[in-house]
2 protein chains.
Amino acid sequence: MNTLAEENYLKSIYHLSLNAENVSTNQLAAFINTKASSVTDMLKKLADKGLINYTPYQGVTLSKAGEKIAVNIIRKHRLWEYFLVEKLDFKWDEVHEMAEEMEHISSNELIDRLDKFMGYPKHDPHGDPIPDCNGLFKIHNLKPVSAIGVHEGGVICGVRDHSPAFLQYLEKQSLIIGKKITVKEINEFDRSVILQTAGKELQISREVANNLLIAL
Amino acid sequence: MNTLAEENYLKSIYHLSLNAENVSTNQLAAFINTKASSVTDMLKKLADKGLINYTPYQGVTLSKAGEKIAVNIIRKHRLWEYFLVEKLDFKWDEVHEMAEEMEHISSNELIDRLDKFMGYPKHDPHGDPIPDCNGLFKIHNLKPVSAIGVHEGGVICGVRDHSPAFLQYLEKQSLIIGKKITVKEINEFDRSVILQTAGKELQISREVANNLLIAL
DNA sequence: AAATAAATTTAGACAAGTCTAAATTTATTA
DNA sequence: TAATAAATTTAGACTTGTCTAAATTTATTT
Ligand SMILES: [Mn+2]
Ligand SMILES: [Mn+2]
Ligand SMILES: [Mn+2]
Ligand SMILES: [Mn+2]
């Protein structure tokens, strides 16, 4: 099997691949919080194992085999997050770090039974889709609030920033998954957004609007 | 915090300490499945950290700090085993290896909530006591079936051998936790034991009798 | 097209944990 | 008690994953 470090690299390459065709050494180094030279070493190792496509100086993509492993780890991560929130009553800003450890528990039988135990949830506490036991899931097509115009709106279905600080802020504003919102006004000066939600009206910064995802 | 290897050594020293005042280097090496020289290296490290009392050539005991860590890992191990059997429907012979990984998930908040979620169970699937969040538990005073005489009996409350093969055998014979048994006869030749259980009678080898624990 | 800057890789080192082989200490036996 | 055996430790090496500093490659500017 693969080491914990290998799994973390594969998962990171997967996440970074969503925003860039080829993932660069420096991107990975920043994301994983390590040095570029360490990344190079690991990329060689993963390439030897056939888990990535690596051409020196040109960045990497996941191979089919590598992607399968990455998706499986993401499946585990999201199922454990769901478990922590739904069964153990943690808040959505408290579970990520624990799931970072739990995603490396190796047994697939375990994770499949956990999935069944919870009724095959489709989304984790942050709105991210949970791959099924075959690695299949719908990449939902969400837009940041900052990308829609006045009088448009939708349902909050995800977040881009998963930091506890951001999640706590959203919770305090009742901007939680499933909430219906409409853009009422966009401030010309700082592009902050005034939202209309059930009952009340509230203002969010451009920064927040960029990181809050809705389905139209 | 402590590394995975350190945690495994502390746990092993704890288990071996139950049968011997001082735990020897070779005992540990055999138990952990490593070489004596590796054990020596780790013992120095644990002694430097103040987690064990180590005098070269004389074996080790856990310090108060080391024991606390060991008991906490055992608590996690047993709670996860209970979870796997009671919530995810694994059989008692299937859970040990998974729990060996899960016991290293670091969060104590997580394990305390898991404990609460399951209703604060007192014993794991193999009958072993689960330490509470303060590390307290009753070491129950069990006897192997091989240690009692004819016409004596009790309730099955634990096993000495935790191997899948042994556990599967017991299950097949319906010799499970909570079962009431009485010794009906002891074969003089091979010291095998004939048991009377609810309804039927069955014979077990000396080997099995040695590893099956009962409360009188 | 040079020159410079940025990105990436290579070289050499280090810590953790393990191993084999050799040296040392403790226990056992004659 | 001296010799031998068993247990333990030390010495030196190896792997994984990391780091810093130097070398190399690619990209960007003049
Ligand atoms: Mn997460
Ligand atoms: Mn999540
Ligand atoms: Mn176990
Ligand atoms: Mn157990």
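Keep in mind the model is a prediction, meaning the values are calculated, not measured.

Rules and cut-offs
- Residues numbered from 1 in each chain as written.
- Chains lettered and ligands numbered in written order.
- Predicted model: local features only at pLDDT ≥ 70, side-chain atom pairs only at ≥ 80, totals over all residues.
- Heavy atoms only, no water.
- Helix = DSSP H or I, 4+ residues; strand = E, 2+ residues; numbered from the N terminus.
- Rg over C-alpha atoms; globule rule 2.2 N^0.38 Å.
- Buried < 20%, exposed > 50% of the residue type's maximum accessible area, 1.4 Å probe, protein only.
- Contact = heavy atoms within 4.5 Å.
- Areas by Shrake-Rupley, 256 points an atom, 1.4 Å probe, with all protein chains shown as cover.
- Least-squares fit on C-alpha atoms with pLDDT ≥ 70 in both.
- Buried area = accessible area lost by both parts, 1.4 Å probe.
- Salt bridge = Lys/Arg side-chain N within 4 Å of Asp/Glu carboxyl O.
- Polar contact = N/O pair within 3.5 Å; in protein donor to acceptor, adjacent residues only side chain to side chain.
- Nonpolar A, V, L, I, M, F, W, Y, C, P; charged D, E, K, R; others polar.
- Pairing = 2+ DSSP bridges.
- Axes fitted to C-alpha atoms, helices over the stretch in contact; angles between N-to-C directions.
- Near = heavy atom within 4 Å.
- Donors = N, O, S within 2.8 Å, 3.2 Å for Na, K, Ca; no water.
- Domains from an automatic or database assignment.

**Brief notes about the overall build of chain A**
A tally of helices and strands in chain A yields 8 helices and 8 strands. On C-alpha atoms alone, chain A measures out to a radius of gyration of 19 Å, which is about the 17 Å that the 2.2 N^0.38 rule sets for 216 residues. Sorting the 216 residues of chain A into buried and exposed places 44% on the buried side. When contacts within chain A are restricted to residue pairs at least 6 apart in sequence, long-range pairs at least 24 apart make up 59% of them. Entry remark: accessible area of chain A is about 11400 Å², with carbon and sulfur atoms responsible for 51%.

**Observations concerning the relation of the copies chain A and chain B**
Of the transformation placing chain A onto chain B, the axial shift is 0.0 Å and the rotation is 180°, giving an RMSD of 0.0 Å. These values place the two chain copies in the arrangement generated by a two-fold rotation axis. When each C-alpha of chain A is compared by its distance to the rotation axis, A:Met102 comes out closest, at 3.8 Å.

**Quick word on the interface of chain A and chain B**
Listed per partner, the contact involves 20 residues of chain A and 20 residues of chain B. When chain A packs against chain B, the two sides together hide about 1600 Å² of surface, and 73% of this comes from carbon and sulfur. Of all residues in chain A, A:Leu88, A:Glu101 and A:Arg113 bury the most surface against chain B, accounting for 31% of the area lost on that side. Between the two partners, chain A and chain B, sit 0 salt bridges. At the junction of chain A and chain B, the tally comes to 6 residue pairs in polar contact (both at pLDDT 80 or more). Looking at the side of chain A that touches chain B, the elements that each hand over two or more residues are helix H4 (64-86), helix H5 (96-102) and helix H6 (108-117) of chain A. Of all the elements, H6(A) adds the most residues to the side of chain A that touches chain B, at 5 residues. Along the lines of polarity and charge, the residues of the side of chain A that touches chain B split into 11 nonpolar, 3 polar and 6 charged.

**Considering the pairing of strand S5 (residues 180-186) of chain B**
All names here are of chain B. Relative to S5, strand S4 (residues 153-159) is paired through 3 bridges, and the arrangement is antiparallel. Each residue of the ladder has a partner; that of Gly153, found in S5, is Thr182. Relative to strand S6 (residues 193-197), S5 is paired through 5 bridges, and the arrangement is antiparallel. Counted as the bridge partner of Thr182 is Gln196 from S6.

**Examining the sheet that holds S6(B)**
Residues and elements named next belong to chain B. Pairing in this open sheet of 6 strands is antiparallel, and the strands run S3-S8-S4-S5-S6-S7 from one edge to the other. Two strands bound the open sheet, and with one partner strand each, they are strand S3 (143-144) and strand S7 (201-204). Relative to the sheet, helix H7 (residues 164-172) contacts S4, S7 and strand S8 (212-215), its axis offset from that of S4 by approximately 145°.

**Observations concerning the protein's contact with DNA strand C**
DNA strand C sits among 21 residues. The nearest are A:Lys44, A:Tyr54, B:Thr3, B:Thr34 and B:Lys45. Within 4 Å of the protein, the contacting atoms of DNA strand C are 72% sugar and phosphate, with bases supplying the remainder. B:Ser37 has a polar side-chain atom sitting 2.9 Å from a base oxygen of DNA strand C. One nitrogen or oxygen atom from the side chain of B:Tyr57 is found 3.3 Å from a sugar or linking oxygen belonging to DNA strand C. When residues of the surface near DNA strand C are traced back to their parent elements, those giving at least two are helix H2 (25-32) and helix H3 (36-48) of chain A together with helix H1 (4-17) and helix H3 (36-48) of chain B. Element by element, the count of residues in the surface near DNA strand C is highest for H3(B), at 5 residues. A per-class count over the surface near DNA strand C returns 8 nonpolar, 9 polar and 4 charged.

**With respect to the side chain of A:His77**
All names here are of chain A. Mapped onto the elements, His77 comes out in helix H4. Assessed through its relative accessible area of 8%, His77 is described here as buried. Leave out the neighbours within four places in its chain, and His77 touches His96, Ala99, Glu100 and Glu103.

**Considerations on the coordination of the manganese ion (ligand 2)**
Residue and element names in this part refer to chain A. The manganese ion (ligand 2) binds to the protein through Glu81 (OE), Asp124 (OD) and His126 (ND1), with metal-donor distances spanning 2.1 to 2.3 Å. Between consecutive donors of the manganese ion (ligand 2), the numbers of intervening residues give the motif E-x42-D-x1-H. The metal-metal distance between the manganese ion (ligand 2) and the manganese ion (ligand 1) is 3.5 Å, with Glu81 coordinating both. A relative accessible area of 1% places His126 in the buried class.

**Considerations on the domain arrangement of chain A**
Residue and element names in this part refer to chain A. By the assigned domains, chain A splits into domain 1 (4-62), domain 2 (75-139) and domain 3 (143-215). Here the C-alpha centre of domain 2 lies 24 Å away from the C-alpha centre of domain 1. Taken residue by residue, the interface counts 6 residues in domain 1 and 5 residues in domain 2. Summed over both partners, the interface of domain 1 with domain 2 buries about 420 Å², with 41% contributed by carbon and sulfur atoms.

**Side note on the sheet that holds strand S8 (residues 212-215) of chain A**
Residues and elements named next belong to chain A. The strand order across the open sheet formed by 6 strands is S3-S8-S4-S5-S6-S7, and the pairing between neighbours is antiparallel. A single partner strand is all that each edge strand has here, and the edge strands are strand S3 (143-144) and strand S7 (201-204). Along the sheet, helix H7 (residues 164-172) contacts strand S4 (153-159), S7 and S8; its crossing angle with S4, the most-contacted strand, is approximately 145°.

**Considering the protein's contact with DNA strand D**
Taken together, 20 residues sit near DNA strand D, with A:Thr3, A:Thr34, A:Lys45, B:Lys44 and B:Tyr54 positioned nearest. Each atom of DNA strand D within 4 Å of the protein was classed as base or backbone; sugar and phosphate made up 73%. A:Thr3 places a polar side-chain atom, nitrogen or oxygen, 2.5 Å from a phosphate oxygen of DNA strand D. For the surface near DNA strand D, the secondary structure elements donating two or more residues are helix H1 (4-17) and H3 of chain A together with helix H2 (25-32) and H3 of chain B. Its residues assigned to classes, the surface near DNA strand D comprises 7 nonpolar, 9 polar and 4 charged.

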